[in-house]
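What the coordinates show
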Amino acid sequence: QVHLVESGGGLVQPGGSLRLSCVASRRVNSIKTMAWYRQVPGKQRELVAEISGGESTNYADSVKGRFTVSTDSAANTMYLQMNNLKPEDTGVYYCNAAAELVPGRRFDYWGQGTQVTVSS
């Protein structure tokens, strides 16, 4: 079993910054992509940022230029540096790891989430 634990959330004023961390309990070679999702009550969980191969990244249009996703493979950790935060960034942020344990079959690991609140 692979466990993902997020941390770093909190309350911040608009324009502020936070850095989220996601630590995996162990390295799994079958994990192809790691990503950050966020969810607001009543709305579908949305992809915020993802990283593959430790270098290829993809971001939601709403966070491009403000958020940066990165990994530290030695520490089995993924980060999300969030700058110039806006109230609409508020939500529960979840760490995701997409694995292919069997060719052609995707399996997703999820963390429990960390709350990010951007408010004045």
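Read on for a plain summary of the structure. Since the model is a prediction, treat every value here as computed from it, not as a measurement. By convention here, each chain's residues receive numbers from 1 onward along its written sequence. In view of the model being predicted, local features appear only for residues whose pLDDT reaches at least 70, and side-chain atom pairs are presented and counted only at 80 or more, with totals across whole chains, interfaces and linings using the full set of residues. Heavy atoms from the whole structure form the basis of all side-chain values; hydrogens and water molecules are not counted.

Once that is clear, we can look at the environment of Leu80. Mapped onto the elements, Leu80 comes out in strand β8 (residues 77-82). On a C-alpha basis, the gap between Leu80 and Val63 in space is 11 Å, while along the polypeptide they are 17 residues apart. Excluding anything up to four places from it in sequence, Leu80 contacts Leu18, Arg19, Leu20, Trp36, Val48, Ala49, Phe67, Thr68, Val69 and Tyr93. Helix and strand labels come from DSSP, where a helix needs a run of H or I of at least four residues and a strand needs a run of E of at least two; each type is numbered from the N terminus. Contacts are assigned to residue pairs with any non-hydrogen atoms lying within 4.5 Å of each other.

This brings us to the nonpolar core. Note on terminology: a nonpolar core comprises buried Ala, Val, Leu, Ile, Met, Phe, Trp, Tyr and Cys residues joined through side-chain atoms within 4.5 Å. Accessible area is worked out with a 1.4 Å probe on protein chains only. A residue is then buried under 20% of its type maximum, exposed over 50%, and partly exposed in between. By size, the foremost hydrophobic cluster in this structure holds 30 residues, and its most contacted members are Leu4, Met34, Trp36, Leu80, Met82 and Tyr93. Breaking this core down by element, the ones donating at least two residues are β3 (18-24), β4 (31-39), β5 (46-52), β7 (67-72), β8, β9 (91-102) and β11 (114-118).

Before going further, it helps to spend a moment on the pattern of salt bridges. Put simply, a salt bridge is a Lys or Arg side-chain nitrogen that is within 4 Å of an Asp or Glu carboxyl oxygen. Within the structure shown, the criterion is met by five salt bridges. Ionic pairing is found between Arg38 and Glu46, a salt bridge with its closest N-O pair at 2.8 Å. Taking relative accessible area as the criterion, Glu46 reaches 35% and is therefore assigned partly exposed.

These results come straight from atomic positions and should not be treated as a statement about function.
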